[in-house]
Amino acid sequence: MQKLSFRDKIKEARINASDSFRGGKLMSSIFRPGSPFRKGYVDSPRNRSYVVMNNVLYHLHPVKVKRHGVRLSYTLCLGGLSFFLFIVLTITGIWLMFYFRPTELAYVDIQNLQTSIAFGSLVRNMHRWGAHLMVLVVFLHMSRVFYHGAYKAPREFNWVIGVILLLLTLLLSFTGYLLPWDQLAIWAVTVGGNMAGYTPVIGAQAKFGLFAGLEATTATLLRFYVLHVLFLPFIIVIFMAVHFWRVRKDGGISGPL
Amino acid sequence: MVDIPEHLLIRSAEARAKALGITVDQALAEMKGEAEPTVISKEPDVQVIDETPAPAAETPAPAAETPAPAAETPAPATTKKETPEEVEFAPEVKVTQRLLTVVKAKPIQKPVSEPVDKVNTWPHLMLPEFVSLMAMTAFLILLSAILQAPLLEEANPNVTPNPAKAPWYFLGLQELLSYWDPQIAGVMIPLLLGVVLWMAFPYIDRNPETHPSKRKFAIMFYTFFLAGAGILTIIGVLFRGPGWNWTYPWIDGIWFDDLLDWIHFE
Ligand code: HEM
(Lines give C-alpha, C1' and ligand atoms only; values in the text may rest on other atoms or scores of the structure.)
Protein backbone atom coordinates (compact mmCIF):
# COMPACT_ATOMS: atom_id res chain seq x y z
CA MET A 1 0.00 0.00 0.00
CA GLN A 2 1.10 3.46 -0.80
CA LYS A 3 2.50 5.32 2.12
CA LEU A 4 0.30 8.20 3.20
CA SER A 5 1.76 11.58 3.85
CA PHE A 6 1.13 13.16 7.20
CA ARG A 7 -1.34 15.54 5.62
CA ASP A 8 -3.30 12.75 4.01
CA LYS A 9 -3.41 10.89 7.29
CA ILE A 10 -4.85 13.91 9.02
CA LYS A 11 -7.35 14.29 6.23
CA GLU A 12 -8.38 10.66 6.40
CA ALA A 13 -8.74 10.83 10.17
CA ARG A 14 -10.86 13.90 9.82
CA ILE A 15 -13.14 12.28 7.27
CA ASN A 16 -13.47 9.15 9.39
CA ALA A 17 -14.25 11.17 12.45
CA SER A 18 -16.87 13.23 10.69
CA ASP A 19 -18.44 10.12 9.15
CA SER A 20 -18.68 8.33 12.45
CA PHE A 21 -20.02 11.47 14.09
CA ARG A 22 -22.69 11.94 11.46
CA GLY A 23 -23.67 8.29 11.61
CA GLY A 24 -23.41 8.21 15.36
CA LYS A 25 -26.02 7.98 18.05
CA LEU A 26 -26.25 11.68 18.78
CA MET A 27 -26.89 12.77 15.20
CA SER A 28 -29.28 9.87 14.63
CA SER A 29 -31.32 10.98 17.57
CA ILE A 30 -31.47 14.58 16.38
CA PHE A 31 -32.02 14.12 12.66
CA ARG A 32 -34.46 11.88 10.86
CA PRO A 33 -33.35 8.96 8.72
CA GLY A 34 -32.26 10.15 5.32
CA SER A 35 -31.56 13.64 6.55
CA PRO A 36 -28.62 15.24 4.77
CA PHE A 37 -27.20 16.05 8.18
CA ARG A 38 -26.81 12.35 8.81
CA LYS A 39 -25.53 11.08 5.54
CA GLY A 40 -24.15 14.13 3.82
CA TYR A 41 -25.61 15.99 0.89
CA VAL A 42 -24.95 14.96 -2.67
CA ASP A 43 -27.16 16.71 -5.17
CA SER A 44 -29.76 14.22 -6.35
CA PRO A 45 -33.54 14.33 -6.76
CA ARG A 46 -33.83 12.08 -3.74
CA ASN A 47 -31.74 14.34 -1.53
CA ARG A 48 -33.59 17.40 -2.77
CA SER A 49 -36.76 15.85 -1.43
CA TYR A 50 -35.10 14.84 1.81
CA VAL A 51 -33.97 18.38 2.54
CA VAL A 52 -37.61 19.39 2.88
CA MET A 53 -39.12 16.12 4.03
CA ASN A 54 -36.82 15.29 6.89
CA ASN A 55 -37.11 18.71 8.32
CA VAL A 56 -39.52 20.84 10.25
CA LEU A 57 -39.68 22.85 7.01
CA TYR A 58 -42.10 20.22 5.81
CA HIS A 59 -44.71 22.07 7.84
CA LEU A 60 -44.25 25.11 5.64
CA HIS A 61 -43.26 23.77 2.26
CA PRO A 62 -44.24 20.79 0.18
CA VAL A 63 -41.48 18.81 -1.52
CA LYS A 64 -42.42 20.15 -4.91
CA VAL A 65 -44.04 23.36 -6.03
CA LYS A 66 -45.44 24.58 -9.32
CA ARG A 67 -42.78 25.85 -11.62
CA HIS A 68 -44.38 29.22 -12.25
CA GLY A 69 -44.80 29.73 -8.51
CA VAL A 70 -41.09 29.92 -7.85
CA ARG A 71 -40.54 32.66 -10.38
CA LEU A 72 -39.78 35.67 -8.28
CA SER A 73 -41.99 37.77 -10.51
CA TYR A 74 -45.08 35.80 -9.56
CA THR A 75 -45.38 36.33 -5.80
CA LEU A 76 -42.51 38.78 -5.49
CA CYS A 77 -42.01 36.79 -2.30
CA LEU A 78 -44.34 39.28 -0.63
CA GLY A 79 -46.19 36.79 1.55
CA GLY A 80 -42.93 35.22 2.63
CA LEU A 81 -41.46 38.63 3.38
CA SER A 82 -44.50 39.59 5.46
CA PHE A 83 -43.88 36.50 7.52
CA PHE A 84 -40.18 37.15 7.69
CA LEU A 85 -40.69 40.72 8.83
CA PHE A 86 -42.95 39.40 11.53
CA ILE A 87 -40.11 37.14 12.71
CA VAL A 88 -37.65 40.04 12.69
CA LEU A 89 -40.11 42.16 14.64
CA THR A 90 -40.58 39.37 17.17
CA ILE A 91 -36.85 39.02 17.73
CA THR A 92 -36.12 42.74 17.98
CA GLY A 93 -39.27 43.22 20.03
CA ILE A 94 -38.25 40.64 22.62
CA TRP A 95 -34.87 42.36 22.83
CA LEU A 96 -36.57 45.73 23.42
CA MET A 97 -38.69 44.25 26.19
CA PHE A 98 -35.59 43.81 28.31
CA TYR A 99 -35.21 47.58 28.54
CA PHE A 100 -38.76 48.83 28.56
CA ARG A 101 -41.32 49.37 31.31
CA PRO A 102 -44.88 50.33 30.28
CA THR A 103 -45.22 52.97 33.01
CA GLU A 104 -44.39 56.65 33.47
CA LEU A 105 -40.81 55.44 32.97
CA ALA A 106 -41.49 54.35 29.40
CA TYR A 107 -40.17 57.53 27.85
CA VAL A 108 -36.99 57.51 29.96
CA ASP A 109 -36.46 53.87 29.14
CA ILE A 110 -36.54 54.63 25.43
CA GLN A 111 -34.15 57.54 25.91
CA ASN A 112 -31.73 55.35 27.84
CA LEU A 113 -32.09 52.63 25.26
CA GLN A 114 -31.01 55.02 22.53
CA THR A 115 -28.17 56.65 24.40
CA SER A 116 -26.62 54.16 26.79
CA ILE A 117 -27.30 50.64 25.57
CA ALA A 118 -25.18 48.89 22.97
CA PHE A 119 -27.06 48.66 19.67
CA GLY A 120 -30.11 50.09 21.44
CA SER A 121 -30.71 52.72 18.81
CA LEU A 122 -30.17 50.29 15.95
CA VAL A 123 -32.55 47.70 17.33
CA ARG A 124 -35.21 50.28 18.09
CA ASN A 125 -34.92 51.64 14.57
CA MET A 126 -35.12 48.16 13.09
CA HIS A 127 -38.23 47.47 15.08
CA ARG A 128 -39.87 50.71 14.08
CA TRP A 129 -38.98 50.76 10.39
CA GLY A 130 -39.60 47.04 10.19
CA ALA A 131 -43.12 47.63 11.49
CA HIS A 132 -43.81 50.31 8.90
CA LEU A 133 -42.34 48.05 6.25
CA MET A 134 -44.52 45.15 7.33
CA VAL A 135 -47.71 47.20 6.95
CA LEU A 136 -46.54 48.18 3.49
CA VAL A 137 -45.47 44.68 2.46
CA VAL A 138 -48.70 43.07 3.69
CA PHE A 139 -50.63 45.65 1.74
CA LEU A 140 -48.57 44.96 -1.38
CA HIS A 141 -49.06 41.23 -0.86
CA MET A 142 -52.80 41.80 -0.77
CA SER A 143 -52.59 43.81 -3.98
CA ARG A 144 -50.56 41.07 -5.64
CA VAL A 145 -53.19 38.53 -4.62
CA PHE A 146 -55.93 40.75 -5.95
CA TYR A 147 -54.35 41.42 -9.31
CA HIS A 148 -53.74 37.72 -9.82
CA GLY A 149 -57.33 36.92 -8.94
CA ALA A 150 -55.74 34.53 -6.45
CA TYR A 151 -58.69 34.92 -4.08
CA LYS A 152 -60.98 32.98 -6.40
CA ALA A 153 -62.26 29.48 -5.74
CA PRO A 154 -61.05 27.53 -3.88
CA ARG A 155 -59.10 30.29 -2.15
CA GLU A 156 -61.99 32.53 -1.04
CA PHE A 157 -61.61 31.68 2.60
CA ASN A 158 -57.88 32.32 2.61
CA TRP A 159 -58.66 35.84 1.48
CA VAL A 160 -60.93 36.22 4.51
CA ILE A 161 -58.08 35.01 6.74
CA GLY A 162 -55.85 37.47 4.90
CA VAL A 163 -58.09 40.44 5.67
CA ILE A 164 -58.01 39.41 9.34
CA LEU A 165 -54.22 39.27 9.12
CA LEU A 166 -54.17 42.77 7.64
CA LEU A 167 -56.34 44.09 10.46
CA LEU A 168 -54.15 42.38 13.04
CA THR A 169 -51.04 43.82 11.43
CA LEU A 170 -52.53 47.31 11.60
CA LEU A 171 -53.55 46.80 15.21
CA LEU A 172 -50.09 45.55 16.13
CA SER A 173 -48.53 48.57 14.54
CA PHE A 174 -51.03 50.95 16.12
CA THR A 175 -50.62 49.55 19.65
CA GLY A 176 -46.84 49.75 19.27
CA TYR A 177 -47.06 53.36 18.20
CA LEU A 178 -48.04 54.46 21.71
CA LEU A 179 -45.27 52.70 23.59
CA PRO A 180 -42.42 55.29 23.30
CA TRP A 181 -44.74 57.60 25.24
CA ASP A 182 -43.68 60.78 23.48
CA GLN A 183 -45.85 63.53 22.01
CA LEU A 184 -45.99 61.75 18.65
CA ALA A 185 -47.19 58.53 20.27
CA ILE A 186 -49.84 59.89 22.59
CA TRP A 187 -51.44 62.22 20.06
CA ALA A 188 -51.42 59.77 17.17
CA VAL A 189 -53.14 57.27 19.40
CA THR A 190 -55.54 59.91 20.65
CA VAL A 191 -56.52 60.72 17.08
CA GLY A 192 -56.88 57.02 16.25
CA GLY A 193 -58.89 56.33 19.39
CA ASN A 194 -61.16 59.27 18.70
CA MET A 195 -61.84 57.79 15.27
CA ALA A 196 -62.91 54.59 17.02
CA GLY A 197 -65.19 56.84 19.09
CA TYR A 198 -67.19 57.60 15.94
CA THR A 199 -68.26 53.97 15.73
CA PRO A 200 -72.04 54.05 15.62
CA VAL A 201 -73.94 52.90 18.70
CA ILE A 202 -70.97 51.56 20.66
CA GLY A 203 -68.57 54.42 19.88
CA ALA A 204 -68.16 55.65 23.43
CA GLN A 205 -67.69 52.12 24.75
CA ALA A 206 -65.15 51.26 22.06
CA LYS A 207 -63.15 54.35 22.88
CA PHE A 208 -63.33 53.73 26.62
CA GLY A 209 -62.23 50.13 26.15
CA LEU A 210 -59.33 51.15 23.94
CA PHE A 211 -58.08 53.92 26.23
CA ALA A 212 -58.87 52.19 29.53
CA GLY A 213 -60.48 55.52 30.39
CA LEU A 214 -61.60 58.67 28.68
CA GLU A 215 -58.23 59.65 27.28
CA ALA A 216 -54.75 58.27 26.72
CA THR A 217 -53.06 57.75 30.10
CA THR A 218 -50.53 55.33 31.50
CA ALA A 219 -53.43 52.90 31.92
CA THR A 220 -53.76 53.04 28.15
CA LEU A 221 -50.03 52.45 27.91
CA LEU A 222 -50.25 49.25 29.93
CA ARG A 223 -53.25 48.10 27.95
CA PHE A 224 -51.59 48.71 24.60
CA TYR A 225 -48.40 47.08 25.86
CA VAL A 226 -50.11 43.83 26.79
CA LEU A 227 -52.02 43.82 23.52
CA HIS A 228 -48.84 44.60 21.61
CA VAL A 229 -46.40 42.11 23.11
CA LEU A 230 -48.68 39.23 23.96
CA PHE A 231 -52.26 39.20 22.85
CA LEU A 232 -52.03 40.32 19.22
CA PRO A 233 -48.87 38.33 18.35
CA PHE A 234 -50.53 35.26 19.83
CA ILE A 235 -53.63 35.76 17.69
CA ILE A 236 -51.77 36.64 14.52
CA VAL A 237 -49.57 33.53 14.77
CA ILE A 238 -52.68 31.38 14.90
CA PHE A 239 -54.16 33.07 11.86
CA MET A 240 -50.85 32.85 10.00
CA ALA A 241 -50.71 29.12 10.67
CA VAL A 242 -54.19 28.73 9.22
CA HIS A 243 -53.24 31.00 6.29
CA PHE A 244 -50.17 28.94 5.36
CA TRP A 245 -52.00 25.69 5.84
CA ARG A 246 -54.76 26.86 3.52
CA VAL A 247 -52.28 27.96 0.86
CA ARG A 248 -51.14 24.33 0.69
CA LYS A 249 -54.53 22.71 1.04
CA ASP A 250 -56.03 24.93 -1.64
CA GLY A 251 -53.58 23.38 -4.05
CA GLY A 252 -50.52 25.51 -3.54
CA ILE A 253 -49.96 28.79 -5.21
CA SER A 254 -52.63 29.93 -7.66
CA GLY A 255 -52.16 30.45 -11.34
CA PRO A 256 -50.49 30.57 -13.75
CA LEU A 257 -52.46 33.40 -15.27
CA MET B 1 -43.39 -21.57 7.44
CA VAL B 2 -44.39 -18.38 9.04
CA ASP B 3 -45.34 -18.71 12.66
CA ILE B 4 -48.97 -17.79 13.01
CA PRO B 5 -49.78 -16.53 16.48
CA GLU B 6 -51.77 -19.08 18.44
CA HIS B 7 -54.77 -16.86 19.10
CA LEU B 8 -55.21 -16.11 15.41
CA LEU B 9 -54.93 -19.77 14.55
CA ILE B 10 -57.61 -20.64 17.06
CA ARG B 11 -59.86 -17.92 15.85
CA SER B 12 -59.70 -19.10 12.26
CA ALA B 13 -60.08 -22.70 13.37
CA GLU B 14 -63.25 -21.73 15.18
CA ALA B 15 -64.58 -20.06 12.07
CA ARG B 16 -63.76 -23.08 10.01
CA ALA B 17 -65.31 -25.41 12.52
CA LYS B 18 -68.47 -23.35 12.51
CA ALA B 19 -68.64 -23.28 8.74
CA LEU B 20 -68.05 -26.98 8.26
CA GLY B 21 -69.87 -28.22 11.32
CA ILE B 22 -66.86 -29.99 12.82
CA THR B 23 -65.12 -29.60 16.13
CA VAL B 24 -62.54 -26.92 16.72
CA ASP B 25 -59.86 -29.51 17.46
CA GLN B 26 -60.58 -31.23 14.20
CA ALA B 27 -60.39 -27.96 12.28
CA LEU B 28 -57.13 -27.07 13.97
CA ALA B 29 -55.65 -30.41 13.09
CA GLU B 30 -56.75 -30.01 9.48
CA MET B 31 -55.24 -26.61 9.27
CA LYS B 32 -51.96 -27.85 10.61
CA GLY B 33 -52.03 -30.62 8.08
CA GLU B 34 -52.35 -33.34 10.71
CA ALA B 35 -55.68 -34.61 9.47
CA GLU B 36 -57.39 -35.07 6.15
CA PRO B 37 -59.41 -32.01 5.19
CA THR B 38 -63.13 -32.44 5.58
CA VAL B 39 -64.80 -32.76 2.25
CA ILE B 40 -68.21 -31.33 1.91
CA SER B 41 -70.40 -33.37 -0.26
CA LYS B 42 -72.61 -30.57 -1.45
CA GLU B 43 -71.70 -27.10 -2.43
CA PRO B 44 -73.31 -24.33 -0.42
CA ASP B 45 -74.79 -22.86 -3.47
CA VAL B 46 -75.94 -19.41 -4.14
CA GLN B 47 -77.69 -19.94 -7.34
CA VAL B 48 -78.70 -17.64 -10.07
CA ILE B 49 -82.27 -18.62 -10.50
CA ASP B 50 -82.96 -18.26 -14.12
CA GLU B 51 -86.48 -19.15 -15.22
CA THR B 52 -85.76 -19.04 -18.90
CA PRO B 53 -83.75 -21.99 -20.05
CA ALA B 54 -80.54 -20.50 -21.25
CA PRO B 55 -77.69 -22.08 -23.06
CA ALA B 56 -75.21 -23.50 -20.62
CA ALA B 57 -72.42 -21.28 -21.83
CA GLU B 58 -74.22 -18.09 -20.87
CA THR B 59 -75.25 -19.05 -17.40
CA PRO B 60 -72.69 -17.60 -15.07
CA ALA B 61 -71.07 -20.29 -13.08
CA PRO B 62 -71.95 -19.67 -9.47
CA ALA B 63 -68.72 -21.22 -8.37
CA ALA B 64 -66.81 -18.49 -10.11
CA GLU B 65 -68.60 -15.70 -8.34
CA THR B 66 -69.17 -17.19 -4.96
CA PRO B 67 -66.36 -17.16 -2.49
CA ALA B 68 -67.24 -20.56 -1.23
CA PRO B 69 -66.36 -21.15 2.39
CA ALA B 70 -64.72 -24.42 1.56
CA ALA B 71 -62.32 -23.45 -1.10
CA GLU B 72 -60.65 -26.83 -1.32
CA THR B 73 -63.84 -28.48 -2.34
CA PRO B 74 -63.79 -29.14 -6.04
CA ALA B 75 -66.80 -27.27 -7.27
CA PRO B 76 -69.27 -29.50 -9.06
CA ALA B 77 -69.51 -26.99 -11.82
CA THR B 78 -71.02 -29.40 -14.28
CA THR B 79 -74.04 -30.11 -12.14
CA LYS B 80 -75.36 -26.63 -12.16
CA LYS B 81 -77.76 -27.20 -15.02
CA GLU B 82 -79.54 -29.85 -13.07
CA THR B 83 -80.01 -27.73 -10.03
CA PRO B 84 -83.61 -27.97 -8.89
CA GLU B 85 -85.64 -24.82 -8.97
CA GLU B 86 -86.33 -24.90 -5.30
CA VAL B 87 -83.00 -24.46 -3.78
CA GLU B 88 -82.55 -26.18 -0.52
CA PHE B 89 -79.52 -24.90 1.26
CA ALA B 90 -77.34 -27.71 2.22
CA PRO B 91 -78.54 -28.64 5.68
CA GLU B 92 -75.19 -30.04 6.70
CA VAL B 93 -73.41 -26.81 5.90
CA LYS B 94 -74.05 -23.64 7.70
CA VAL B 95 -73.80 -20.93 5.13
CA THR B 96 -72.09 -18.01 6.70
CA GLN B 97 -71.81 -15.82 3.69
CA ARG B 98 -73.78 -15.27 0.55
CA LEU B 99 -73.27 -13.32 -2.54
CA LEU B 100 -75.73 -10.48 -2.52
CA THR B 101 -74.48 -8.33 -5.26
CA VAL B 102 -71.43 -7.76 -7.32
CA VAL B 103 -70.04 -4.26 -7.10
CA LYS B 104 -67.92 -3.41 -10.02
CA ALA B 105 -64.61 -1.90 -8.92
CA LYS B 106 -64.57 1.72 -9.85
CA PRO B 107 -63.52 4.84 -7.96
CA ILE B 108 -66.13 6.83 -6.08
CA GLN B 109 -64.38 10.06 -6.88
CA LYS B 110 -62.88 10.65 -10.25
CA PRO B 111 -59.81 12.75 -9.70
CA VAL B 112 -59.14 14.56 -12.90
CA SER B 113 -55.55 15.50 -12.44
CA GLU B 114 -53.89 17.39 -15.15
CA PRO B 115 -50.16 16.99 -15.14
CA VAL B 116 -48.59 19.96 -13.35
CA ASP B 117 -45.15 21.24 -14.11
CA LYS B 118 -43.41 21.07 -10.73
CA VAL B 119 -39.94 21.66 -9.43
CA ASN B 120 -38.23 20.73 -6.20
CA THR B 121 -38.80 23.20 -3.39
CA TRP B 122 -35.17 22.80 -2.51
CA PRO B 123 -33.36 24.52 -4.12
CA HIS B 124 -35.70 26.23 -6.58
CA LEU B 125 -37.96 27.93 -4.02
CA MET B 126 -35.90 27.95 -0.85
CA LEU B 127 -32.86 29.56 -2.41
CA PRO B 128 -34.72 32.60 -3.79
CA GLU B 129 -36.54 32.82 -0.49
CA PHE B 130 -33.29 32.83 1.38
CA VAL B 131 -31.84 35.46 -0.90
CA SER B 132 -34.83 37.79 -0.57
CA LEU B 133 -34.78 37.25 3.18
CA MET B 134 -31.14 38.26 3.32
CA ALA B 135 -31.75 41.23 1.05
CA MET B 136 -34.59 42.37 3.26
CA THR B 137 -32.45 42.04 6.38
CA ALA B 138 -29.63 43.98 4.79
CA PHE B 139 -32.04 46.68 3.65
CA LEU B 140 -33.62 46.96 7.08
CA ILE B 141 -30.31 47.16 8.92
CA LEU B 142 -29.03 49.76 6.49
CA LEU B 143 -32.21 51.80 6.80
CA SER B 144 -32.05 51.61 10.57
CA ALA B 145 -28.43 52.69 10.61
CA ILE B 146 -29.20 55.75 8.51
CA LEU B 147 -32.65 56.84 9.62
CA GLN B 148 -33.21 57.62 13.26
CA ALA B 149 -36.68 56.72 14.49
CA PRO B 150 -38.41 59.79 15.89
CA LEU B 151 -38.64 60.44 19.62
CA LEU B 152 -40.22 63.79 20.51
CA GLU B 153 -40.69 65.35 23.94
CA GLU B 154 -42.31 63.25 26.62
CA ALA B 155 -46.04 62.72 26.32
CA ASN B 156 -48.01 65.63 27.70
CA PRO B 157 -51.79 65.46 27.64
CA ASN B 158 -52.02 69.21 28.23
CA VAL B 159 -50.11 70.21 25.11
CA THR B 160 -51.98 69.30 21.96
CA PRO B 161 -49.84 69.47 18.84
CA ASN B 162 -51.41 71.18 15.91
CA PRO B 163 -52.05 69.28 13.72
CA ALA B 164 -52.37 65.99 15.58
CA LYS B 165 -51.88 63.21 13.07
CA ALA B 166 -52.53 59.49 13.21
CA PRO B 167 -49.94 56.93 11.99
CA TRP B 168 -49.52 57.18 8.22
CA TYR B 169 -51.65 54.13 7.42
CA PHE B 170 -54.61 55.83 9.09
CA LEU B 171 -53.96 59.26 7.59
CA GLY B 172 -56.04 58.55 4.50
CA LEU B 173 -58.91 57.78 6.81
CA GLN B 174 -58.25 60.88 8.89
CA GLU B 175 -58.28 62.92 5.70
CA LEU B 176 -61.58 61.34 4.71
CA LEU B 177 -62.99 62.10 8.15
CA SER B 178 -62.16 65.77 7.71
CA TYR B 179 -64.53 66.06 4.74
CA TRP B 180 -67.68 65.22 6.63
CA ASP B 181 -68.76 65.82 10.14
CA PRO B 182 -68.10 62.33 11.42
CA GLN B 183 -70.95 62.41 13.89
CA ILE B 184 -73.45 63.03 11.14
CA ALA B 185 -72.01 61.14 8.22
CA GLY B 186 -71.01 58.19 10.41
CA VAL B 187 -67.85 57.37 8.58
CA MET B 188 -67.40 54.32 10.77
CA ILE B 189 -70.48 52.79 9.17
CA PRO B 190 -68.98 52.70 5.69
CA LEU B 191 -65.66 51.71 7.22
CA LEU B 192 -66.99 48.73 9.14
CA LEU B 193 -69.14 47.86 6.19
CA GLY B 194 -66.04 48.21 4.06
CA VAL B 195 -64.15 45.65 6.14
CA VAL B 196 -67.02 43.20 5.97
CA LEU B 197 -67.45 43.77 2.24
CA TRP B 198 -63.72 43.41 1.73
CA MET B 199 -63.78 40.03 3.45
CA ALA B 200 -66.80 39.01 1.44
CA PHE B 201 -65.20 40.15 -1.81
CA PRO B 202 -64.33 36.69 -3.18
CA TYR B 203 -67.91 35.63 -2.58
CA ILE B 204 -69.25 38.66 -4.42
CA ASP B 205 -66.91 38.48 -7.40
CA ARG B 206 -68.03 35.18 -8.91
CA ASN B 207 -66.23 35.67 -12.20
CA PRO B 208 -63.97 32.61 -12.38
CA GLU B 209 -61.50 34.19 -14.81
CA THR B 210 -58.11 35.17 -13.48
CA HIS B 211 -56.57 36.75 -16.53
CA PRO B 212 -56.59 40.55 -16.28
CA SER B 213 -58.12 40.97 -19.72
CA LYS B 214 -61.18 39.01 -18.61
CA ARG B 215 -61.78 40.85 -15.35
CA LYS B 216 -61.38 44.43 -16.36
CA PHE B 217 -63.94 45.74 -13.92
CA ALA B 218 -62.30 44.13 -10.87
CA ILE B 219 -58.87 45.38 -11.91
CA MET B 220 -60.24 48.87 -12.46
CA PHE B 221 -62.03 48.78 -9.13
CA TYR B 222 -58.92 47.85 -7.18
CA THR B 223 -56.73 50.28 -9.05
CA PHE B 224 -59.12 53.11 -8.22
CA PHE B 225 -59.14 51.98 -4.62
CA LEU B 226 -55.34 51.94 -4.52
CA ALA B 227 -55.07 55.33 -6.17
CA GLY B 228 -57.69 56.84 -3.88
CA ALA B 229 -56.09 55.45 -0.73
CA GLY B 230 -52.67 56.57 -1.94
CA ILE B 231 -53.78 60.10 -2.77
CA LEU B 232 -55.67 60.55 0.50
CA THR B 233 -52.70 59.26 2.47
CA ILE B 234 -50.24 61.51 0.68
CA ILE B 235 -52.50 64.50 1.24
CA GLY B 236 -52.83 63.58 4.90
CA VAL B 237 -49.09 63.17 5.37
CA LEU B 238 -47.69 66.03 3.31
CA PHE B 239 -50.38 68.57 2.52
CA ARG B 240 -52.12 69.11 5.82
CA GLY B 241 -50.84 71.63 8.34
CA PRO B 242 -52.14 73.37 11.47
CA GLY B 243 -55.89 73.26 11.76
CA TRP B 244 -55.89 70.59 9.07
CA ASN B 245 -55.52 73.37 6.56
CA TRP B 246 -53.99 72.80 3.17
CA THR B 247 -50.22 73.43 3.06
CA TYR B 248 -47.51 72.86 0.52
CA PRO B 249 -44.60 70.86 1.92
CA TRP B 250 -42.11 72.85 -0.17
CA ILE B 251 -43.40 76.13 1.27
CA ASP B 252 -44.44 75.39 4.84
CA GLY B 253 -42.43 72.24 5.48
CA ILE B 254 -43.73 68.85 6.48
CA TRP B 255 -46.24 68.72 9.29
CA PHE B 256 -45.72 65.09 10.09
CA ASP B 257 -43.47 64.37 13.03
CA ASP B 258 -42.90 60.79 12.01
CA LEU B 259 -41.08 62.17 8.97
CA LEU B 260 -39.36 65.14 10.57
CA ASP B 261 -36.74 63.20 12.44
CA TRP B 262 -35.58 61.61 9.24
CA ILE B 263 -33.50 64.70 8.75
CA HIS B 264 -31.33 63.84 11.71
CA PHE B 265 -28.88 61.47 10.14
CA GLU B 266 -26.77 59.43 12.50
C1 HEM C 1 -49.41 38.97 8.11
C2 HEM C 1 -49.81 38.99 6.92
C3 HEM C 1 -49.68 37.92 5.86
C4 HEM C 1 -48.74 36.92 5.72
C5 HEM C 1 -47.55 36.62 6.61
C6 HEM C 1 -49.10 36.18 4.52
C7 HEM C 1 -48.37 35.12 4.00
C8 HEM C 1 -48.66 34.48 2.80
C9 HEM C 1 -47.78 33.58 2.11
C10 HEM C 1 -46.38 33.17 2.56
C11 HEM C 1 -48.43 33.17 0.99
C12 HEM C 1 -47.84 32.26 -0.11
C13 HEM C 1 -47.74 32.94 -1.46
C14 HEM C 1 -47.10 34.30 -1.49
O15 HEM C 1 -46.03 34.46 -0.92
O16 HEM C 1 -47.69 35.19 -2.13
C17 HEM C 1 -49.73 33.78 0.99
C18 HEM C 1 -50.72 33.57 0.04
C19 HEM C 1 -51.96 34.16 0.05
N20 HEM C 1 -52.35 35.22 0.84
FE21 HEM C 1 -51.30 35.96 2.40
N22 HEM C 1 -50.23 36.73 3.97
C23 HEM C 1 -50.61 37.78 4.77
C24 HEM C 1 -51.68 38.64 4.55
C25 HEM C 1 -52.63 38.46 3.56
C26 HEM C 1 -53.67 39.40 3.24
C27 HEM C 1 -53.84 40.76 3.90
C28 HEM C 1 -54.42 38.84 2.24
C29 HEM C 1 -55.64 39.37 1.53
C30 HEM C 1 -56.54 40.10 2.04
C31 HEM C 1 -53.85 37.53 1.94
C32 HEM C 1 -54.36 36.63 1.04
C33 HEM C 1 -53.64 35.56 0.52
C34 HEM C 1 -54.14 34.66 -0.49
C35 HEM C 1 -55.53 34.66 -1.13
C36 HEM C 1 -53.08 33.79 -0.79
C37 HEM C 1 -53.05 32.68 -1.85
C38 HEM C 1 -52.38 33.30 -3.05
C39 HEM C 1 -52.10 32.35 -4.16
O40 HEM C 1 -52.40 31.16 -4.04
O41 HEM C 1 -51.56 32.83 -5.16
N42 HEM C 1 -52.75 37.34 2.75
N43 HEM C 1 -49.85 34.58 2.10
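Residues numbered from 1 in each chain as written. Chains lettered and ligands numbered in written order. Predicted model: local features only at pLDDT ≥ 70, side-chain atom pairs only at ≥ 80, totals over all residues. Heavy atoms only, no water.

## A word on the interface of chain A and chain B
Item 1. With 73 residues of chain A in contact, the opposing surface of chain B contributes 77 residues.
Item 2. For the pair chain A and chain B, the two sides together bury roughly 7,100 Å², of which 70% comes from carbon and sulfur.
Item 3. When the area that chain A buries against chain B is broken down by residue, the three leading residues are W129(A), Y147(A) and Q183(A), summing to 11%.
Item 4. Remark: the boundary between chain A and chain B carries three salt bridges.
Item 5. In this structure, R67(A) and D117(B) form a salt bridge, with 2.7 Å as the shortest nitrogen-oxygen distance.
Item 6. Inspection of the chain A/chain B interface yields 37 residue pairs in polar contact (both at pLDDT 80 or more).
Item 7. The biggest single contributor to the side of chain A that touches chain B is helix α8 (residues 120-147) of chain A, with 18 residues.
Item 8. Of the residues that constitute the side of chain A that touches chain B, the class distribution is 49 nonpolar, 14 polar and 10 charged.
Item 9. Pairing between strand β1 (residues 64-66) of chain A and strand β1 (residues 118-120) of chain B: three bridges, direction antiparallel. If you follow K64(A) over to β1(B), its bridge partner there is N120(B). (Contact = heavy atoms within 4.5 Å. Buried area = accessible area lost by both parts, 1.4 Å probe. Salt bridge = Lys/Arg side-chain N within 4 Å of Asp/Glu carboxyl O. Polar contact = N/O pair within 3.5 Å; in protein donor to acceptor, adjacent residues only side chain to side chain. Helix = DSSP H or I, 4+ residues; strand = E, 2+ residues; numbered from the N terminus. Nonpolar A, V, L, I, M, F, W, Y, C, P; charged D, E, K, R; others polar. Pairing = 2+ DSSP bridges.)

## Examining the packing of helix α6 (residues 168-179) of chain B against helix α9 (residues 216-238) of chain B
Residues and elements named next belong to chain B.
Item 1. Between α6 and α9, the shortest axis-to-axis distance is 7 Å and the interhelical angle comes to 90 degrees. Relative to α9, α6 is oriented roughly perpendicular. When α6 is examined against α9, the residues W168, L171, G172, E175, L176 and Y179 are found in contact with a partner set consisting of L232, T233, I235, G236 and V237.
Item 2. Residue composition of the contact of α6 with α9, by class: seven nonpolar, three polar and one charged. (Axes fitted to C-alpha atoms, helices over the stretch in contact; angles between N-to-C directions. Parallel < 35°, antiparallel > 145°, perpendicular 65-115°, else oblique.)

## Describing the confidence of the model for chain B
Residue and element names in this part refer to chain B.
Item 1. Per-residue confidence for chain B gives a mean pLDDT of 77, with 69% of residues at or over 70.
Item 2. Below a pLDDT of 50 lies the segment residues 56-68, which in the model reaches 16 contacts outside its immediate sequence neighbourhood of four places, other chains included.
Item 3. Interface confidence for the predicted complex, expressed as ipTM, amounts to 0.89; the pTM equals 0.77. (pLDDT = per-residue confidence, 0-100.)

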